[in-house]
Amino acid sequence: MENNKIRVRFAPSPTGHLHIGGARTALFNYLFARKYNGTFILRIEDTDELRSTRESMHSIFESLKWLGLNWDEGAMSEDDEKGDYGPYIQSKREARGIYKKYVDFLIEKGYAYYCYCTPEELEEMRKKATLEKRPPRYDGRCRNLTNEQIEKFRAEGRKPVIRFKMPDDGVTEWNDLIHGHLSFENKLLYDFIMIKASGYPTYNFACVIDDHLMEMSHIIRGDDHISNTPLQINLYKAFGWKLPEFAHLSMILGPDGSRLSKRHGATSVGEYRKEGYLPNTMKNYLALLGWSTKDSQQIFEVGELEEKFSLDGCQKNPAIFDPVKLKWMNGEYIRKLSKDQLFDYAIPFIKDAGIDLSKSRVSPVEIVALEQEKYKLLSDIPKLVDFFFIDEINYNPDAVEKVLKKPEVLKILSGIKAVYTSIDDFKDTVIEEKTRAFAKENGYKAGQVFHPLRVSVSGRTEGPTLFKMMEYFGKDLVIKRIDEALKIVSDSLS
RNA sequence: GCCCUCAUCGUCUAGUGGCCUAGGACAUCGCCCUUUCAAGGCGGAGAUCAGGGGUUCGAAUCCCCUUGAGGGCGCCA
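Bear in mind that the values here come from a model prediction, so they are computed numbers and not experimental data.

1. Section: the protein's contact with RNA strand B
- Neighbouring RNA strand B are 64 residues, the closest being Gly290, Lys294, Lys374, Phe450 and Gly463.
- If you look at RNA strand B and keep only atoms within 4 Å of the protein, 72% of those are sugar or phosphate atoms.
- A distance of 3.2 Å is found between a sugar or linking oxygen of RNA strand B and a side-chain nitrogen or oxygen belonging to His179.
- Here a phosphate oxygen of RNA strand B and a side-chain polar atom of Arg436 are 3.3 Å apart.
- Mapped onto the surface near RNA strand B, the elements with two or more residues apiece are α5 (119-131), β8 (180-185), β13 (319-320), α12 (323-336) and α19 (446-458).
- The greatest single-element share of the surface near RNA strand B, amounting to five residues, is contributed by α12.
- A breakdown of the residues in the surface near RNA strand B according to their chemical character gives 22 nonpolar, 20 polar and 22 charged.

2. Points about the environment of Lys376
- Tracing the backbone shows Lys376 in the loop between α14 (364-369) and α15 (381-385).
- Taking the relative accessible area as the measure of exposure, Lys376 reaches 34% and is therefore partly exposed.
- For Lys376 and Tyr277, which are 99 residues apart along the polypeptide, the C-alpha to C-alpha distance reads 8.4 Å.
- When sequence neighbours within four positions are dropped, the list of residues in contact with Lys376 reads Lys327, Asn330, Gly331 and Ile334.

3. Section: the side chain of Asp380
- Summarising the element assignment, Asp380 is placed in the loop between α14 and α15.
- Overall, Asp380 belongs to the buried group, its relative accessible area being 16%.
- Among the polar contacts listed, one links the side chain of Asp380 to the side chain of Lys383, at a separation of 3.4 Å.

4. Notes on the domain arrangement of chain A
- On domain assignment, one finds that chain A holds domain 1 (3-96 + 252-320), domain 2 (100-249), domain 3 (337-389) and domain 4 (397-493).
- Placing the centre of domain 2 and that of domain 4 at their C-alpha centroids yields a distance of 76 Å.

5. Notes on the pattern of salt bridges
- Using the criterion set out here, one finds 41 salt bridges in the structure.
- Glu121 is paired through a salt bridge with Arg158; the nearest N and O atoms lie 3.1 Å apart. Taken as a pair, Glu121 in helix α5 and Arg158 in the loop between α6 (147-155) and β6 (161-164) lie far apart in primary sequence, 37 residues in all.
- Among the residues examined, Glu121 registers a relative accessible area of 28% and is labelled partly exposed.
- Salt-bridge contacts for Asp380 lead to Lys383; the nearest nitrogen and oxygen are separated by 3.4 Å.
- Three or more residues are tied together by salt bridges with common partners; here these are Arg9, Arg43, Glu45, Arg93, Asp210 and Asp211.

6. Things to note about the packing of helix α4 (residues 100-108) against helix α7 (residues 203-213)
- With their axes 11 Å apart at the nearest point, α4 and α7 run at an angle of 110° to one another. On the basis of the axis angle, α4 is roughly perpendicular to α7. Packed against α4, whose contacting residues are Tyr102, Val103 and Leu106, the element α7 presents Phe205, Ile209 and Leu213 at the interface.
- Per-class residue counts for the contact of α4 with α7 are six nonpolar, no polar and no charged.

7. Quick notes on the nonpolar core
- In terms of nonpolar packing, the biggest core is built from 143 residues, with Met194, Phe205, Phe321, Phe388, Tyr420 and Met470 touching the most fellow members.
- The biggest single contributor to this core is helix α1 (residues 20-35), with nine residues.
- Excluding residues within four positions of it along the chain, Met470 makes contact with Tyr420, Phe426, Ile431, Leu453, Val457 and Val478.
- Core analysis: the next-biggest nonpolar cluster, separate from the first, contains 11 residues, Cys115, Cys117, Leu122 and Val161 among them.

What counts as what
- Residues numbered from 1 in each chain as written.
- Chains lettered and ligands numbered in written order.
- Predicted model: local features only at pLDDT ≥ 70, side-chain atom pairs only at ≥ 80, totals over all residues.
- Heavy atoms only, no water.
- Near = heavy atom within 4 Å.
- Polar contact = N/O pair within 3.5 Å; in protein donor to acceptor, adjacent residues only side chain to side chain.
- Helix = DSSP H or I, 4+ residues; strand = E, 2+ residues; numbered from the N terminus.
- Nonpolar A, V, L, I, M, F, W, Y, C, P; charged D, E, K, R; others polar.
- Buried < 20%, exposed > 50% of the residue type's maximum accessible area, 1.4 Å probe, protein only.
- Contact = heavy atoms within 4.5 Å.
- Domains from an automatic or database assignment.
- Salt bridge = Lys/Arg side-chain N within 4 Å of Asp/Glu carboxyl O.
- Axes fitted to C-alpha atoms, helices over the stretch in contact; angles between N-to-C directions.
- Parallel < 35°, antiparallel > 145°, perpendicular 65-115°, else oblique.
- Core = buried A, V, L, I, M, F, W, Y, C linked by side-chain atoms within 4.5 Å.

This is how it looks when you write it as structure tokens:
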């Protein structure tokens, strides 16, 4: 049954990068389509001639792809598209005159009219209304202009807009798939603009025409659109078109409960990517903002979200974006990666930090994997592995003070140096065995030897497991660094 | 100002009339493991279910009011 086919869309306007909220809307549409074997469509709503940019469009494509929200139909890039309902970029649709015939139809049927009010007049109208404590919306004054008035406005060179004539009474209602029954009194609605003075359609108009023409079955969007919905429904009714199902997702707020904005930190998907978050982390975390399973599952395997998603699990109330939990989740996802996957993700971050990967004796893949359970962000990696790739390490002053400047350290280090010099097979198990034996023979506790050693070879008090680390450094480098540490200790004694 | 929406631990949430002395996760605290930092394991604290009225034998769950928060009232989307 062609008519029962699930078709959903994400319809961003290219006026900036893909934001967290937009990504979440895209994700839910994508998951819904996957769950019910439907079609996920990407449409670009660039009817804001002033703010829409090609760069933004590109950036949105990139972010969507990075998140793995692959769409089946629609604008595939700035210049390519796929599907039988195109064009999928509204400016191109406008250029083809797609909207015009629907405008003409409405005017002919008396559902739309020209309005000659200037922006200044409208501003004045709103101000006055606010002062008089009335709703600051258009009062419909151009609904019944006389021919003389129209002549006069034209003579003044005024460019009209085209407004939709909203019904004066009755109610507009629908059954929202998330909120349930929603209803608005028509007299509280207003004659919204369908066509701007520039000839371009507005959001509320183009959106309805396209959703209908593209045969959308479900409109899943943010609940900031709830009050646009009755406006749009009246348009559908004027055309006599079948309504799609509506589902309004709750908003995402910043940690202080206000609308998520720059002052809360990163707000775009691209920024999180740069900070070292994995795409699957973002997908999983975003899914959990406003949606959950009956058992409050937190981490989802590949494909599991697509399988378990449902509109029933969607929350009505807004969700606060929690960067702390996001970070935890990223650690979880990093730990699930194979060594090779981790390394592939790490490369750009390591290179950015200026680290020369050729400078280590062992495979950098192994080195990066050494501290896998520790990374919360991919950007944590360089500073945790850098001492594997540089000759001269920096000794952390606090570490030197706390660990190396102890009375027995000089003896321990020179003793252990002698032990290491005699090891031929410099492997972690061998080193550990010899080191423990050295401690025991000389009456030291293991930790008394391990700690100064760690600081000596790495310059820090924390790091990877000690013996594996030394094995990777290699015997020569370990001895060289013990010598350096020895020098620091003896210098401080004199 | 008007309209709409929403309301469970600090946060994300489970819960759809009795299984709730409200469950899970993040964060937090303590203990264990341990060569460090993590990770992991175990345990604790944390929500009189915004407040007040009803309905009912019984309400976080249904109804009403109040309060608070968010959204909208654009030739932005």
